[in-house]
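Fold and geometry: a report
Single-letter residue listing:
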Amino acid sequence: MAFLNKISSKAKTTANTGFGDNATSYGGRFIKKDGQANIGKSGISKLEQYSWFHTMLAMSRTNFFLTILFFFIVINLLFAMVYYLIGVDKLSGMTTHTEAEKFIEAFFFSTQTFTTVGYGRISPTGIMTSAIAAFQALIGLLSFAVATGLMYGRFSKPTAFIKFSHNAIIAPFKEGKALMLRLAPYKNTTLSEAEVRLTVGISIEENGKMVNRFYPLELELAKINTLNLSWTIVHPIDDESPFSNFSEEDFRQVKGEIIVFVKAFDDMFSNTVVARTSYTFNEIIFGAKFSPMYNRNEDNSQTILHIDLLNKFEKIKLTC
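Residues numbered from 1 in each chain as written. Predicted model: local features only at pLDDT ≥ 70, side-chain atom pairs only at ≥ 80, totals over all residues. Heavy atoms only, no water.

1. As for the environment of Asn295
Tracing the sequence through the fold places Asn295 in strand 14 (residues 294-296). On the basis of relative accessibility, which here comes to 38%, the residue Asn295 falls in the partly exposed class. Through-space distance from the C-alpha of Asn295 to that of Leu305 is 6.9 Å; in sequence the pair is 10 residues apart. Contacts of Asn295, omitting those with residues within four sequence positions, involve Gln302, Thr303, Ile304 and His306. At 2.7 Å, the side chain of Asn295 forms a polar contact with the side chain of His306. (Helix = DSSP H or I, 4+ residues; strand = E, 2+ residues; numbered from the N terminus. Buried < 20%, exposed > 50% of the residue type's maximum accessible area, 1.4 Å probe, protein only. Contact = heavy atoms within 4.5 Å. Polar contact = N/O pair within 3.5 Å; in protein donor to acceptor, adjacent residues only side chain to side chain.)

2. A closer look at a nonpolar patch on the surface
A cluster of nonpolar side chains, Leu66, Leu69, Ile73 and Leu77, forms an exposed patch at the surface whose accessible area comes to about 330 Å². When you line up the elements, Ile73 lands in helix 3 (residues 61-86). Of the residues examined, Ile73 reaches a relative accessible area of 35% and is grouped as partly exposed. (Patch = residues over 30% accessible without salt bridge, like charges linked within 9 Å, V, L, I, M, F, W, Y side chains within 5 Å. Areas by Shrake-Rupley, 256 points an atom, 1.4 Å probe, with all protein chains shown as cover. Salt bridge = Lys/Arg side-chain N within 4 Å of Asp/Glu carboxyl O.)

3. A look at the packing of helix 4 (residues 99-114) against helix 5 (residues 127-156)
Between helix 4 and helix 5, the least distance of the axes is 7 Å, while the angle of their chain directions is 55°. Classified by the angle their axes make, helix 4 and helix 5 are oblique. Taken together, the residues of helix 5 that come into contact with helix 4 (itself represented by Phe109, Ser110, Thr113 and Phe114) are Ala133, Gln136, Ala137, Ile139, Gly140, Leu141, Ser143 and Phe144. Within the contact of helix 4 with helix 5, the residues separate by chemical class into seven nonpolar, five polar and no charged. (Axes fitted to C-alpha atoms, helices over the stretch in contact; angles between N-to-C directions. Parallel < 35°, antiparallel > 145°, perpendicular 65-115°, else oblique. Nonpolar A, V, L, I, M, F, W, Y, C, P; charged D, E, K, R; others polar.)

4. Observations regarding the pattern of salt bridges
Counting across every chain of the model gives nine salt bridges. Here Arg29 makes a salt bridge to Glu283, at a shortest N to O gap of 3.0 Å. Of this pair, Arg29 sits in the segment before helix 1 (46-49) while Glu283 is found in the loop between strand 11 (271-280) and strand 12 (284-286), placing the two residues 254 residues apart along the sequence. Assessed through its relative accessible area of 18%, Arg29 is described here as buried. Glu283 gets classed as buried once you look at its relative accessible area, which sits at 12%. A salt bridge links Glu249 to Arg252, with the nearest nitrogen and oxygen atoms 3.8 Å apart. Placement of the pair is Glu249 and Arg252 together in helix 6 (residues 248-253), with a separation of three residues, close to one helical turn. Looking at Glu249, the relative accessible area reads 38%, which means it is partly exposed. Connected via shared salt-bridge partners are Arg29, Lys33, Glu257 and Glu283.

5. Quick word on the nonpolar core
Counting residues in hydrophobic clusters, the biggest one holds 40 residues, and the most contacted among them are Leu198, Phe243, Ile258 and Phe281. No other element matches the seven residues that strand 6 (residues 191-206) contributes to this core. Setting aside its immediate chain neighbours within four residues, Leu198 contacts Leu179, Leu181, Tyr215, Pro216, Leu217, Leu219, Ile233, Ile258, Ile259 and Val260. Grouped together as the second largest cluster of nonpolar side chains are 14 residues, Tyr83, Val88, Ile132 and Ala133 included. (Core = buried A, V, L, I, M, F, W, Y, C linked by side-chain atoms within 4.5 Å.)

6. What to know about the packing of helix 3 against helix 4
Close contact between helix 3 and helix 4 brings their axes to 8 Å; oriented N to C, the two are set at 120°. With respect to helix 4, the axis of helix 3 lies oblique. The chirality of how helix 3 crosses helix 4 is right-handed. On helix 4, the residues that touch Phe71, Phe72, Ile73, Ile75, Asn76, Leu77, Phe79, Ala80, Met81, Tyr83 and Tyr84 of helix 3 are Glu99, Lys102, Phe103, Ala106, Phe107, Phe109, Ser110, Thr111, Thr113 and Phe114. Across the contact of helix 3 with helix 4, the residue classes tally to 15 nonpolar, four polar and two charged. (Left-handed = near helix turned anticlockwise from the far one by under 90°.)

Right under this line is the structure:
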């Protein structure tokens, strides 16, 4: 209850965050650094927990192509085993002798059938082998249609190519101090009508029970016309801020998290894109200021945005 008194009486709580009030039921942070909700699910099978379409669209480029390659190799190994067990004598054109060579030839025949290339050197004979080859060709056509759709979905998915600073900071601002974080677009996109919203969730004790309380953070500037360079988000810590009485020690001891939500209009996608992240209180640097991250080039013809300096800051002493 003593800490509850440190939160400004002028700070207004909000109940529309989508997160529950019971702090004892929560584990870890509300939002992961990548913007995904830190929620696991039980009471349902693993297959029903995941949308494989969304999973394939959201996974990294490397994992996506490795998954496609893994599926291609495994399904052809399975069909190669079927051809081998039926008997490679049912595959006309085989010129190998050892068992290993026969299986390898069956595998390559399987890949040719799966991709419907069909070079013609090896061909199925007999009803059983021909039926399996026909079925595999159908599976191949459907698989490539699915893979093509997934690749198109990945390329066409509206994505906010925005990076956030790893840390938020408490920095001098005007006659006082402010909470600041920084973001920047990192691809050749054009973002307009960018808006940002900050909410802080704090776990406090009320009547002997730990509860979550959420407070919207008022910003110096919550909307800009275009997002081309870095944007430093500033929450002035005044009498109406829930942080008005917070000390550096409070940020270390209290369990809290700042949830960041950004949306903007992308001209290329002709759609609204969103980005999310969060900062736990132990990711807030008390007494710091961000270093400049853009400058003009040598011939003064262009502004250079240094994405690698997004999280660069300098430690300073706060005087208030």
